[in-house]
Amino acid sequence: GTAAERAALSGNTLGSIAQTSWKELDRVTLGSAGADLDTGTFTAKDNLMILAHLIPSTNMACDLTFNADSGSNYAKRRSNNGGSDSTSTSDSLVDLRYNSNEDTFIVINIRNIASKEKLCLAHLTTTTSGANSPNRAEVAFKWANTSDQITRVKFNKGSFTNYASGSELIVLGCDDDEADSGTNFWQELSNTTTTVAANNINSGTITAKKWLMVDCHIIPTTNDSNTNIVVNSDTAQGNYSMRRSYDGGNESTYAGSNPTGSSNGMYTGFGENRTNLLMNTMIANVSGKEKLMFWHMSHANDGATNEPHRTEAVGKWHTTSGQITNFKILAGTGSHIGANSRMRVWGSD
């Protein structure tokens, strides 16, 4: 339910709000280094979302399998940092590692129908600490099983040392006709709509959560409309690093820097006049770690003769203490975020 719906239902039970979205099916959090991240068996769902924050103890693998299947039943296509695709087939696992010694944040979406091969789409970002541009990868892969749904997920540490304490794997699920029971994993924390043109749109103060998801629909004014991410009112460019690709090319990196100025936070990668911008951001908001995030944007001018542009980016806020409790999209200059722009933030621990 929305914030308004919850307010209207004040005093009622949580069950009064529709619970028909993503539910947590299983979770593994390491209390000490050394183990694989293995969910064991969970309830099958038509749609799965996997969240993983993998921390190297020294070095680690990111070897993914489903249902303890280590046969030659996996195939993938991958691009690292916007580079040329690589492919592999008849694999015994899906290797999602970028570098074995980098913190890794992964989100995977899966269609999980028993009679169909399981198609999976993964986005991941990795980093070592400090003012360095994160790495990114896009991986399309499949489990070539047509008789079972996925009911177990495992990240193997392989022959590397191990995952560090605090590494976490979460599996979310939702049926196509998800029952109104249980508790939705993603809870709305903020819902903001601008009423006049302004130099930013922001969440206001939100409850600190380990996982954040942010959707923005921005309607720029007709002026130059560079946009930047600012969290917790920290506009210092030296506290952010990012990498972005524009229309599948022009891979640019900014390590503790921002092309739009020294007091504008982290560049989103959108730097031209447009009349519409849609942006989705996923964030691993873990206290004690740098805040890793990736975002995808579609932006275009009105009319069927104007093709959309796309931006794919990863970034991080270098701060390791505390958590993000405010998320803002800031215009590079002036009041260039128009009226009726909207931001919604969801979170969960």
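1. Thoughts on the nonpolar core
Here is a general trend for soluble globular proteins: nonpolar side chains tend to be buried in one another's company. Counting 32 residues, the largest nonpolar core has Phe66, Leu96, Ile108 and Phe155 as its most contacted members. Counting residues per element, the ones that place at least two in this core are strand S1 (23–29), strand S3 (47–54), strand S4 (63–66), strand S8 (103–111), strand S9 (118–127), strand S10 (135–143), strand S11 (153–156) and strand S12 (168–174). Excluding residues within four positions of it along the chain, Leu96 makes contact with Cys62, Leu64, Arg78, Ile106, Ile108, Leu124, Val139 and Phe155. Judged by nonpolar contacts, the second largest core, of 31 residues, contains Val214, Ile229, Val230 and Leu277.

2. Focus: the pairing of S12
Burial analysis of S12 places seven of its seven residues in the buried class, which makes it a mostly covered element. Judged by which residues are buried, S12 turns out to be covered on both faces: Glu168, Ile170, Leu172 and Cys174 on one side and Leu169, Val171 and Gly173 on the other are all buried. In this sheet, S12 lies alongside S1 in antiparallel orientation, the contact comprising six bridges. Within S12, the position partnered with Val28 by the bridge is Leu169. Two elements, S3 and S12, share seven bridges in a ladder whose sense is antiparallel. In the sheet register, Ile50 faces S12, and the bridge partner there is Val171.

3. A closer look at the sheet that holds strand S5 (residues 74–80)
Across the sheet, which stays open at both edges, the eight strands sit in the order S1-S12-S3-S8-S9-S10-S5-S6 with antiparallel pairing between neighbours. Each having just a single partner strand, S1 and strand S6 (86–91) make up the two edges of the open sheet. Geometrically, the sheet is characterised by an average inter-axis angle of 15 degrees between neighbouring strands, direction not taken into account. Direction of pairing for S9 relative to S10: antiparallel, over a ladder of nine bridges. Paired with Lys118 across the two strands is Trp143, which belongs to S10.

4. Comments concerning the pairing of strand S24 (residues 342–348)
Here S24 lies mainly inside the structure; five of its seven residues are buried. One ladder, built from six bridges, connects strand S13 (residues 187–193) with S24; its direction is antiparallel. By the bridge assignment for S24, Thr192 is matched with Met343. Here seven bridges tie strand S15 (residues 211–218) to S24, and the two strands are oriented antiparallel to one another. The residue bridging His217 from the neighbouring strand is Arg342, located in S24.

5. Let's talk about the confidence of the model for the protein
Low-pLDDT portions of the prediction should not be read for the details of their coordinates. Mean pLDDT for the protein: 88, with 92% of residues reaching 70 or above. Low pLDDT (under 50) marks residues 9–15, which in the prediction has four contacts with non-local residues, meaning those over four places away or in another chain.

6. Brief notes about the side chain of Thr127
As for its position among the elements, Thr127 is in strand S9. Within polar-contact distance, the side chain of Thr127 engages the side chain of Lys316 at 2.7 Å. For Thr127, the contacting residues outside a window of four places in its chain are Glu102, Asp103, Asn132, Pro134, Glu290, Leu292 and Lys316.

7. Examining the sheet that holds strand S23 (residues 327–331)
Across the sheet, which stays open at both edges, the four strands sit in the order S14-S23-S16-S19 with antiparallel pairing between neighbours. This sheet does not close on itself; its edge strands, each paired only once, are strand S14 (200–202) and strand S19 (266–267). Note: strand S16 (residues 227–231) against S23, five bridges, orientation antiparallel. Its bridge partner being in S23, Asn228 is matched across the sheet by Leu330.

8. Side note on the environment of Thr319
Here Thr319 shows up in the loop between strand S22 (309–317) and S23. In sequence terms Thr319 and Tyr240 are 79 residues apart; their C-alpha atoms lie 8.7 Å from each other. With residues up to four places along the chain from it excluded, the contact list for Thr319 reads Lys289, Glu290 and Lys291.

Quick notes on the rules
- Residue positions are given per chain, counting from 1 as you read along its sequence in written order.
- Given that this is a predicted model, residues contribute local features only at a pLDDT of at least 70 and side-chain atom pairs are listed and counted only at 80 or more, while totals for whole chains, interfaces and linings are drawn from all residues.
- Note that water and hydrogens are dropped before the side-chain values are worked out from all heavy atoms of the structure.
- Nine residue types can take part in a nonpolar core, namely buried Ala, Val, Leu, Ile, Met, Phe, Trp, Tyr and Cys, and a core is a set of them joined through side-chain atoms within 4.5 Å.
- To sort residues, take the accessible area from a 1.4 Å probe on protein chains only and compare it with the maximum for the residue type: under 20% means buried, over 50% means exposed, and anything in between is partly exposed.
- For the purposes of this entry, the term helix denotes a DSSP run of H or I that reaches at least four residues, the term strand denotes a run of E that reaches at least two, and both are numbered from the N terminus.
- We call two residues contacting when some pair of their heavy atoms lies within 4.5 Å.
- Being paired, for any two strands, means DSSP has found at least two bridges between them.
- Inter-axis angles, ranging from 0 to 180 degrees, are taken between N-to-C directions of lines fitted to C-alpha atoms, where helices are fitted over the stretch in contact.
- Every residue is assigned a pLDDT by the predictor, reflecting its confidence on a scale from 0 to 100.
- Here a polar contact means two N or O atoms within 3.5 Å. Within protein one must be a hydrogen donor candidate and the other an acceptor candidate, and residues neighboring in sequence count only if both atoms are side-chain atoms.

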